[in-house]
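Each chain, letter by letter, is given below.
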Amino acid sequence: MSKKVLETDFPLMVPPNPPLSVHPRMVEHGRNGSLRRAYSSEELAPLHSPSSSETSDYLSDTQEHPEYLLQQSDHYHNQEHLVKHPPFRPPTHRHRRTEDDQMSRGARCCFGLLFLTTQVLLHGLITLILYWVIQFRWKDGQGLPFAWRGTGRVALEKQWNLHPVLMVTGFIYCMGQAMLVYRSCRCCRRIYNKLLHTFFHILAIPCVVLGFLAAWDYHSLRTDKDGNADPIPHFYSIHSWLGLLTMGLFLLQFLVGVFSFLLLLCCESATASYRAALVPIHSTVGTTTFLLAVATAVAGLTEKAFFELSITYPGWVRYIQGAAPEDLPSIGGIPYSSGHFLESVLLNVMAATLALLGVLMPLLLWTPQFRNRSQHSH
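S.K.: Looking at this model, I keep getting lost on the nonpolar core. Mind explaining?
M.R.: Most often, soluble globular proteins keep nonpolar side chains buried together rather than apart. Among the nonpolar cores identified, the biggest contains 47 residues, and Trp132, Ile172, Phe290 and Met350 are the most heavily contacted of them. Sorting the residues of this core by element identifies helix 1 (105-137), helix 2 (153-160), helix 3 (162-184), helix 4 (190-221), helix 6 (272-308) and helix 8 (338-366) as the ones contributing at least two each. Of all the elements, helix 1 adds the most residues to this core, at 11 residues. Residues contacting Phe290, with those up to four places away along its chain left out, are Phe171, Ile172, Met175, Gly176, Met179, Leu357 and Met361.

S.K.: Teacher, can you tell me more about the side chain of Ser240 here?
M.R.: Within the secondary structure, Ser240 sits in helix 5 (residues 238-261). Polar side-chain contacts of Ser240 include one of 3.5 Å to the backbone nitrogen of Tyr236.

S.K.: It is not clear to me how the pattern of salt bridges should be interpreted in this structure. Could you clarify?
M.R.: This model, assessed by the stated rule, comprises six salt bridges. The partner of Arg137 in a salt bridge is Glu157, and the shortest N-O contact between them spans 2.8 Å. Pair noted here: Arg137 is in helix 1 and Glu157 is in helix 2, with a separation of 20 residues, a long-range link. Each of the two residues, Arg137 as well as Glu157, counts as buried. Linking Asp217 and Arg149 is a salt bridge whose minimum nitrogen-to-oxygen distance equals 2.4 Å. Of this pair, Asp217 sits in helix 4 while Arg149 sits in the loop between helix 1 and helix 2; the two residues are 68 residues apart in sequence, bridging distant segments of the chain.

S.K.: Honestly, the packing of aromatic side chains in this entry has me stumped. Any pointers?
M.R.: The geometry of an aromatic ring pair is captured by two quantities: the separation of the ring centres and the angle between the planes. Inspection of the entire model under this criterion finds 11 aromatic pairs. With a centroid separation of 5.9 Å and 50° between ring planes, the pair formed by Trp216 and Phe235 is classed as tilted. You can see Trp216 sitting in helix 4 and its partner Phe235 sitting in the loop between helix 4 and helix 5, a full 19 residues away along the chain. By relative accessible area, Trp216 is classed as partly exposed at 35%. Following the ring pairs from residue to residue traces out a cluster consisting of Phe111, Phe115 and Phe370. For Arg186, the ring lying beneath its charged end belongs to Phe111, and the centroid distance is 4.9 Å.

Rules behind the numbers
Residues numbered from 1 in each chain as written. Predicted model: local features only at pLDDT ≥ 70, side-chain atom pairs only at ≥ 80, totals over all residues. Heavy atoms only, no water. Core = buried A, V, L, I, M, F, W, Y, C linked by side-chain atoms within 4.5 Å. Buried < 20%, exposed > 50% of the residue type's maximum accessible area, 1.4 Å probe, protein only. Helix = DSSP H or I, 4+ residues; strand = E, 2+ residues; numbered from the N terminus. Contact = heavy atoms within 4.5 Å. Polar contact = N/O pair within 3.5 Å; in protein donor to acceptor, adjacent residues only side chain to side chain. Salt bridge = Lys/Arg side-chain N within 4 Å of Asp/Glu carboxyl O. Phe/Tyr/Trp six-rings, centres within 6.5 Å; stacked < 30°, edge-to-face > 60°. Lys NZ or Arg CZ within 6 Å of the ring centre and 35° of its normal.

Written out as structure tokens, the structure is:
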């Protein structure tokens, strides 16, 4: 009597209109068995694994697979109760990716170009802001351009230097890389993408906290040139209001994401519908948080440009047109120089880079052609 095995670990294409009395996924011995006899009317026996869970639909890559046992149906009680079946290693993925799940060649080229441009902008922004701090905010040129809880006006200025560097690193670089994980790591399993996505957000948390404290201390402990207390009010500007809103959304996103898409995996089947419904909301709020971070950074750069450069800020346009430095506006008797010109242009370039990231990131994340059709849920 020919023995049959029920393979439930991977799907098979089924001819149309199979006999109703026969399960369409019954095949003969072996992983490459033919469907020729799958539609016979013979009674079929279920497959039992003595060690695997009956509710599991796949086996892990590291699990040792014992020999599968074929249990005869009640019609064949006169035969041996158990018959050993040759061991085989079933596939470990729940879904096989088909050609329809892949991007077209044109979409792949366009995605690669946009992704490369975005990475250049992300890394270039960090480089530009470090150059700006070292070149123009490191007044004394001694020690390091950064400090923490130091004494004196110079140390306080160095502590403020941590604010733009850490905030841009946390909100723009780390959050941007976290969102791009689901588009760039296509060959990885979904759980690995989730863990990498969470890891980048965890890296952003200390950056945001330290950057916020650096600005808070600078406002609270600021002194004038004579050493007298001269604090700056907190949360008076558009930049600070946008920053508070961005930090609030970021915290909400992180808590909801960790709870819903990681902790609730312990009861995966019971929470599948909830997590699937939450995916578009989580994605939309995440993109909104990134765009708010971009707007906050641009507002901060604009505020700093007018505070530090004041009336000399628009002078770079006439300077590049060949006007003499003595004809350009100056502050405190210091004539306009190439340093004023370079800092003005550098601030504008950083703001333009942020604006380009605000356009490219949603384009990469929300363009349907750049998304795998098999990756619509967490």
